[in-house]
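Each chain is listed here by its residues.
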Amino acid sequence: MNDYKQNITLSDAYGQGYLSLFYDFSSELLPHEMALLELLETLDYSNFDASLKREANIDPKSMAIIIIYSYMLNTYSSRNIERLCKRDMFALAILSGSSAPDHTTINRFIQRNANPIDELFYDVVKKLEEKGELLKETVFQDGTKIESRAGKYTFVWKGAVTKNAEKCEKRLRQYLNKANELGLSLLLEEGNDFQSVYNELIVVKNKIKEMDLPFDAPLKKGRGNKQKRLVKHYKQICEDLKKVNDYDILLALIGDNRNSMSKTDPDATFMRMKEDSMGNGQLKPGYNIQIAADANYIVGATISCDRTDYETCIPMIEKLEEKLDWKYTNYCADSGYDNVNNYNYLKGKGYTAYIKPQDWEISKTRNYKKDIGKYQNMAYNKEEDYFTCANGNKLERIKTCIDKRSGSTYGVYKCCESCIDCPCRTKCMKKSTKECKEMNAYIEHWEVRDKARTLLETEKGIILRQNRSIMAEGCFAQIKANNKLRRFTAFGMRRVFSQWLLMCIAVNVKHYTNRHYNYQLDEPDWYKDIA
């Protein structure tokens, strides 16, 4: 019997134990390890930044394989990956005798190689296409929100910042009036823009600073210790000028397309998550992650700060056309992508859009079909652009507006006759107190929805809807439920997206393992006649 004690060394100084293997042995590779090497071994890693650390004697290919292997084992922390490299037999074999990289080296590798990691992901997708794993006909898109590493209570609201900035501007204008009274400025506050007021107050501040006044004297309480008027004005001007600069920086970081950000992760936006442990709809900092799936493989990925999916379709299609060597003919998504701009873009690019309308379920109900107050149930004259209500009166367009949320154009229609004595008033206008019927009609959206509804009700459309819920949502089920990635471990959109792409590669490798090494399937995944 072998004595295990010859391979174990105990240190009395620190109580630390070391495992030393003094003999060579071989072990059979597991299926997921063979699949990982098969997909990643022959790829090009020349564009990776290898300047990680002087002590890190490891090439980019080995580092990428080890990190993806760790993600397959639900290990995302750089410190845990470092521990894995010291004990896992597959990781030790990849290192080939080199010392295990420390956690700073692993973090630096992911941080410095954002673009190469993006190229590596699409190289893996092309490798899957060469092996006949993809159908290359229909792409399925879906999105999810994953929490950022930032704290839950580090929020900065755009509305609050804007409100406080306006109050601060008002106070600064008042300070300029006081400076005029004291003879420190000749610029009048009234009739000048805020930038001129701001520049003049800086001049006033410098004039007061040049005076021989006790600016740094500690403020004492009680009688006889009242602060001088100029000193008080000086401190108030300095404080509000600094606040204005801080508010401008925050507004620039938030931008025009969102209403919030996190102090510790400015790229993160506060959104409602499905994982609501408190049950009160709490907003958390996170990112909107989008994937494109084909045959249960992830073939494309994007990231954004949008709280909805309306604006994520076009960037995904542009990304796929840029990175992939083939083009899909069909596009399938859920009702979150039901937007006129998406329909028009897909049509212009030659895609057949199978997008589920937002009123897909409710439009089938009896109450919806019998509601005479909805413009969908009214007769529409497209040539003269008017609706005819149940009582035979015309509703003509009085103005055209744009929906701020979706960007869709809609018309406001108003009845030409008085509806006070109309026998259908109760059913048509419900509890409205207006004299005439008035409604918003999304004509263009209505037309494209009808075309999408017709496509989805065909035999092919039914099969695509069934496959969408399996392929697109199935990838998220793997990542969030099986791989337990529900919160990112990094800050910043660039770093977070690199972590997401590595996770997508890991999911693709695991699916390739199940297909070829566990179940030995030859044809790409496609589900028909699902009960």
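Residues numbered from 1 in each chain as written. Predicted model: local features only at pLDDT ≥ 70, side-chain atom pairs only at ≥ 80, totals over all residues. Heavy atoms only, no water.

**Student:** Teacher, can you tell me more about the side chain of Lys-437 here?
**Tutor:** Within the secondary structure, Lys-437 sits in the loop between helix H13 (425–429) and strand S15 (438–441). Buried and without a salt bridge, Lys-437 has Asp-371 as its closest oppositely charged side chain, separated by 6.9 Å. Among the polar contacts made by the side chain of Lys-437, one reaches the main-chain carbonyl oxygen of Cys-428 at a distance of 3.3 Å. Discounting residues that sit within four places of it in the chain, Lys-437 has contacts with Gly-373, Met-378, Leu-395, Tyr-413, Lys-414, Cys-415, Cys-419, Cys-428 and Met-429. (Helix = DSSP H or I, 4+ residues; strand = E, 2+ residues; numbered from the N terminus. Buried < 20%, exposed > 50% of the residue type's maximum accessible area, 1.4 Å probe, protein only. Lys, Arg positive; Asp, Glu negative; His and termini not counted. Salt bridge = Lys/Arg side-chain N within 4 Å of Asp/Glu carboxyl O. Polar contact = N/O pair within 3.5 Å; in protein donor to acceptor, adjacent residues only side chain to side chain. Contact = heavy atoms within 4.5 Å.)

**Student:** Is there a simple way to think about the nonpolar core in this case?
**Tutor:** Note that soluble globular proteins tend to have their nonpolar side chains buried in a common cluster. If you look at the biggest cluster of nonpolar residues, it comprises 92 residues, and the most contacted ones within it are Leu-36, Leu-40, Ile-68, Tyr-71, Tyr-331 and Trp-500. Ignoring anything within four residues of it in the chain, the contact list for Trp-500 reads Ile-146, Ile-289, Gln-290, Ile-291, Ala-301, Phe-476, Ile-479, Leu-485 and Phe-488. By size, the runner-up hydrophobic cluster in this structure holds 22 residues, among which are Cys-168, Leu-176, Phe-194 and Ile-208. (Core = buried A, V, L, I, M, F, W, Y, C linked by side-chain atoms within 4.5 Å.)

**Student:** Teacher, can you tell me more about the pairing of strand S13 (residues 394–402) here?
**Tutor:** On a regular strand, one side chain projects to one face of the sheet and the next to the other, so that they alternate. For strand S12 (residues 386–388) and S13, the ladder comprises 3 bridges, and the chain directions are antiparallel. Of the residues in S13, the one forming a bridge with Phe-387 is Leu-395. Here S12 hands over to S13 after 5 residues, with Gly-392 in that stretch at a positive phi of 90 degrees. Two strands pair when backbone bridges link them, and S13 and strand S14 (residues 409–415) are joined in this way by 7 bridges, in the antiparallel orientation. Bridge pairing in S14 links Ile-402 to Thr-409. Where S13 folds back onto S14 in an antiparallel hairpin, the turn is made up of 6 residues, including Gly-407, whose phi is positive at roughly 80 degrees. (Pairing = 2+ DSSP bridges.)

**Student:** Is there a simple way to explain the sheet that holds S13 in this structure?
**Tutor:** Pairing between the strands of a sheet is mediated by backbone hydrogen bonds and can be parallel or antiparallel. Sheet architecture is open: 5 strands sit in the order S11-S12-S13-S14-S15, paired in antiparallel fashion. Every interior strand has two partners, whereas the edge strands, strand S11 (379–381) and S15, have only one. Looking at each pair of strands side by side, their axes are set apart by 30 degrees on average, direction ignored. (Axes fitted to C-alpha atoms, helices over the stretch in contact; angles between N-to-C directions.)

**Student:** Looking at this structure, how should I read the packing of aromatic side chains?
**Tutor:** With the rule as written, the count across this model stands at 22 aromatic pairs. Pairing Phe-387 with Tyr-413 gives two aromatic rings, centres 5.0 Å apart and planes at 85 degrees, and the pair type is edge-to-face. Here Tyr-413 lies in strand S14 and Phe-387 lies in strand S12, a separation of 26 residues in the sequence. Among the aromatic side chains, those forming a connected cluster through ring pairs are Tyr-375, Tyr-380, Phe-387, Tyr-413 and Trp-446. (Phe/Tyr/Trp six-rings, centres within 6.5 Å; stacked < 30°, edge-to-face > 60°.)

**Student:** Is there a simple way to think about the pairing of S15 in this case?
**Tutor:** The alternating pattern of S15 places Met-439 and Ala-441 on a buried face and Glu-438 and Asn-440 on a face that is not buried. Two strands pair when backbone bridges link them, and S14 and S15 are joined in this way by 4 bridges, in the antiparallel orientation. Bridge pairing in S15 links Val-412 to Asn-440.

**Student:** Can you help me understand helix H7 (residues 158–181) in this one?
**Tutor:** Note: α-helices contain 3.6 residues per turn, so residues at a spacing of three or four share the same orientation. Relative to the 34 Å expected for 24 residues at 1.5 Å per residue, H7 spans 35 Å between its end C-alpha atoms, a close match to the ideal helical length. Looking at H7, one finds that the buried residues are Val-161, Ala-165, Cys-168, Leu-172, Arg-173, Tyr-175, Leu-176, Ala-179 and Asn-180. Where the residues of H7 are buried, they touch strand S4 (155–157), helix H8 (194–210) and helix H9 (229–254). With its phi angle positive at about 80 degrees, Gly-183 sits one or two positions after the end of H7. (Expected span 1.5 Å × (residues − 1).)

**Student:** What's the story with the pattern of salt bridges in this structure? I'm lost.
**Tutor:** Where charged atoms of side chains with opposite charge meet at close range, the side chains can pair. Under the counting rule described, the total for this entry stands at 26 salt bridges. Across the salt bridge formed by Lys-319 and Asp-118, the nearest N and O atoms sit 3.6 Å from each other. Of this pair, Lys-319 sits in helix H10 (residues 313–323) while Asp-118 sits in helix H6 (residues 114–130); the two residues are 201 residues apart in sequence, bridging distant segments of the chain. Both residues of the pair, Lys-319 and Asp-118, count as buried.

**Student:** Hey, could you run me through the packing of helix H2 (residues 60–72) against helix H5 (residues 103–112) in this one?
**Tutor:** Describing two packed helices takes the angle between their axes plus the distance from one axis to the other. As a packed pair, H2 and H5 sit with axes 11 Å apart at the nearest point and diverge in direction by 100 degrees. In terms of orientation, H2 lies roughly perpendicular with respect to H5. Along its contact with H2, which presents Pro-60, Met-63, Ala-64, Ile-67 and Tyr-71, the element H5 presents Thr-105, Ile-106, Phe-109 and Ile-110. A class-by-class count of the residues in the contact of H2 with H5 yields 8 nonpolar, 1 polar and no charged. (Parallel < 35°, antiparallel > 145°, perpendicular 65-115°, else oblique. Nonpolar A, V, L, I, M, F, W, Y, C, P; charged D, E, K, R; others polar.)

**Student:** I would appreciate a short explanation of H8 in the present structure.
**Tutor:** The end-to-end C-alpha distance of H8 is 25 Å, a good match for the 24 Å that 17 residues give at a rise of 1.5 Å each. All buried positions along H8 are accounted for by Phe-194, Val-197, Tyr-198, Glu-200, Leu-201, Val-204 and Ile-208. End-on, the buried residues of H8 take up no more than an arc of 170 degrees, which puts them together on one face. Projecting away from the buried face of H8 at angles above 90 degrees are the exposed residues Lys-209 and Glu-210. Those residues of H8 that are buried lie in contact with H7 and H9. (Arc of directions from axis to C-beta.)

**Student:** Is there a simple way to think about the confidence of the model for the chain in this case?
**Tutor:** Segments scoring low in pLDDT should not have their predicted coordinates read at a detailed level. Summary statistics for the chain give a mean pLDDT of 85 and a share of 88% for residues scoring 70 or more. Throughout residues 1–15 the model reports pLDDT below 50, and contacts reaching past four residues in sequence, or to other chains, amount to 15 contacts. (pLDDT = per-residue confidence, 0-100.)

**Student:** For this particular structure, what's the right way to read unusual backbone geometry?
**Tutor:** Where the residue is not glycine, phi is negative for most of them; where a peptide bond is considered, it is trans in most cases. A positive phi angle, close to 60 degrees, is found at Lys-136, a residue other than glycine. The residue Lys-136 is located in the loop between H6 and strand S3 (138–147) in this model.

**Student:** Whenever I open this one, the environment of Leu-230 confuses me. Can you help?
**Tutor:** Counting through the fold element by element, Leu-230 comes out in helix H9. By relative accessible area, Leu-230 is classed as partly exposed at 22%. Separated by 51 residues in the primary sequence, Leu-230 and Ala-179 have C-alpha atoms spaced 9.4 Å apart.

**Student:** Is there a simple way to think about the environment of Glu-33 in this case?
**Tutor:** Residue position: Glu-33 is located in helix H1 (residues 31–40). Along the sequence, Glu-33 and Tyr-69 sit 36 residues apart, while their C-alpha atoms lie 7.8 Å from each other. The residues touching Glu-33, leaving out its near neighbours within four places in the chain, are Tyr-69 and Phe-90. A distance of 3.0 Å separates the side chain of Glu-33 from the backbone nitrogen of Leu-30, its partner in a polar contact.

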